[in-house]
Amino acid sequence: MTTQSPLSSQQRVGIIPALKADRQSNTWHTVKFDPPFPQDTQVAVIPMTQTYNGHETPGLRLRHVTPEGFEIRFDEVVAGGRSADGAHLDEAVAWIAYPVSTQEDDTQGTPGTPGTPGVPTFPPESLDLTADTIYQLLWEHDENQFSVSPRNSSGDWENPEADILLDEQVKAAGKREIDLATHPLFHKVNEAKLFDKDRTYSSFIQLLDNYAIRAADPEMTDEEEVQEQQAFLAKIIKTKPMQLARTYINQNLGESLSEEEFRTKLQRIWFELYTNHYGGKSTEFASGFEHVFVGEGKFDIHSGSKKENFGKISGYHSWVKFYLDEKNQRVNYLGYKYDLKGEDGSQNPNVVTLQMINNVIDMQGNVIAKLFKPKGGFFVGPSPECEMAMATVAYYESVHGKITDKRRITINDATYNLVLYRSTNPNGSRGEFIRSFFPIFLAMDDGETPDNDEPVVEPIDEVTNNNGDVVIFATQPNPEGSDEGNEWVELKNTTSNPIDLSGWKLQDKLDRPEDISGTLQPQEVKRFTISRANYTTMQLGNSSGIIALINAAGQEVAMVSYGSASSGEVIRFVS
């Protein structure tokens, strides 16, 4: 509990009687100003310990300072050759908050240039805006960010007052038919803040129903939807994350974008419809915003069967969209799905990696398809403008050759790979539009992170769908000698009838195809060579991979995954 009172109409002061340091659990304490400062006020908070309950020095940390309050924690400071575990006896901490300026005072010219004398500019010239700091600064200056609390080891909320109470519960089973998570992922979200019309979320939410869930369906952008896009961009363009992004892009990457030019570019790379050419096939009516924040489904709308109609969904990297879908029973959380060495969960409430089913519901409320995502993920808490700012910075870093498909970053002691895919042109080169953007959480603090320089793909592992009429029997992904013409996959017909494979294909984890044909006789096992004809066709990785079998109707018949394969090793999927 925090004791506080207004020092004057312009200041707030308070005392936290017992602030606990526990760096290992990443615990933050939330303070709400009573009363809040005016909405557009920039606030400076000065904290100071008032007691002496331990000889180790407690280092105070602040984040998410807004007109409504702030978050605070302290760690032990390691010094003098002594080690410390980050824990510390409770200390009383006093704080005082002052208004500094309002956003209306900020110069609206090109970020990073001097403004009118006596009027503060944002970002200030003193800000250390480098490739090493940009993503941390985008996060720190996200004024619309939601605070997030997980459960602790006892099952209690670390911070019951947080805007989001995130309940990851249990590791997913790995199969779409097994749901081990008995409760929603989002236990609570501050809806007063989410639906506040003065914040950017309201404009963002209006955009989410502008897209067809099925990727194969044509898209049209009508005048009303264009107006909604423009209203959203107008609302986010002057936010601090977007100002920081434009400043960094101009100063560090050699662009010279005015605010209006930047807004026009955001409209193009995020919202303009384009055709993506990848893996020998074309996806029409694609857009960066749809894929990243809404998701694109693949399912058969003419299944003609009483059995459940399953499909897949790609993209869908928005915590806001997931919360709204979960609240309205359009998505089912199956559990978390991290790849962390020696750990089960992430201990980081600002990101989630999960397994899920997205229900496609018709106008009568009937579920017409269930879209299974074996592995997906998103940040939890940042505003839409912060996520778009991070993706746009990564986009320009890609355009200028600073990164390829991934960017290693650290935010608040958490290490991530940010994955940024640009669209693909007909000749295989990278295009002008954003295709996908999502985070892969790697470790907290100084934890060991994977040393992996291979191209990053959207992570899907432990995928099993291999019990149908045709199964993937075995593979040799790492043949002795050259890979070209020596990799192979074996298929087995498990039925008593011949199966025509005309129009069928195999795919790797990047959806690159290998066309196959012929007939599988009853119980026959047949080997198919992976040709590696060019870089757009199927290739089997040596360290890990996915093999999918697709029939002539474009439906997934089987899918398996494998780990590291030694030279000449044959991996069998069916005993």
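Up top is the structure.
Anyway, here's the lowdown on the structure attached to this text. (Residues numbered from 1 in each chain as written. Predicted model: local features only at pLDDT ≥ 70, side-chain atom pairs only at ≥ 80, totals over all residues. Heavy atoms only, no water.)

1. Here's the deal with the overall build of the protein chain
On a plain count of helices and strands, the protein chain comes out with nine helices and 30 strands. Taking all 575 residues of the protein chain together, 51% fall into the buried category. For the protein chain, contacts bridging at least 24 residues in sequence account for 65% of all contacts bridging at least 6. Accessible surface, the protein chain as shown: approximately 25,900 Å² in total, 48% of it carbon and sulfur. (Helix = DSSP H or I, 4+ residues; strand = E, 2+ residues; numbered from the N terminus. Buried < 20%, exposed > 50% of the residue type's maximum accessible area, 1.4 Å probe, protein only. Contact = heavy atoms within 4.5 Å. Areas by Shrake-Rupley, 256 points an atom, 1.4 Å probe, with all protein chains shown as cover.)

2. Looking at the packing of helix H5 (residues 240–253) against helix H9 (residues 384–399)
At their nearest, the axes of H5 and H9 sit 8 Å apart, and the two run at 10 degrees to each other. Considering the angle they form, H5 stands roughly parallel to H9. Contact residues: H5 offers Pro241, Met242, Ala245, Tyr248, Ile249 and Leu253, while H9 offers Glu385, Cys386, Met388, Ala389, Thr392, Val393, Tyr396 and Glu397. Each residue belonging to the contact of H5 with H9 can be placed in one class, and the counts come to eleven nonpolar, one polar and two charged. (Axes fitted to C-alpha atoms, helices over the stretch in contact; angles between N-to-C directions. Parallel < 35°, antiparallel > 145°, perpendicular 65-115°, else oblique. Nonpolar A, V, L, I, M, F, W, Y, C, P; charged D, E, K, R; others polar.)

3. Observations regarding the sheet that holds strand S8 (residues 148–149)
Reading across from one edge, S8-S9-S10 is the order of the three strands in this open sheet, with mixed pairing throughout. Looking at which strands have only one partner, the edges of the open sheet turn out to be S8 and strand S10 (186–189). Note: strand S9 (residues 164–166) against S10, three bridges, orientation antiparallel. Within S10, the position partnered with Ile164 by the bridge is Val189. Relative to the sheet, helix H8 (residues 319–327) contacts S9 and S10, its axis offset from that of S10 by approximately 105 degrees. (Pairing = 2+ DSSP bridges.)

4. So, the sheet that holds strand S25 (residues 513–515)
Spatially, four strands are ordered S25-S24-S28-S29 in an open sheet, and the strand pairing comes out antiparallel. Here the strands that pair on one side only, and so sit at the sheet edges, are S25 and strand S29 (556–562). Neighbour-to-neighbour, the strand axes of the sheet open up by a mean angle of 20 degrees, direction not taken into account. Pairing geometry for strand S24 (residues 505–507) and strand S28 (residues 545–550), over three bridges, is antiparallel. Looking at the pairing, Lys505 lines up with Ile550 of S28.

5. Overview of the environment of Leu89
Tracing the sequence through the fold places Leu89 in strand S7 (residues 87–102). The class for Leu89 is exposed, based on a relative accessible area of 57%. Taking the C-alpha atoms as reference, Leu89 lies 6.0 Å from Asn53; in sequence the two are 36 residues apart.

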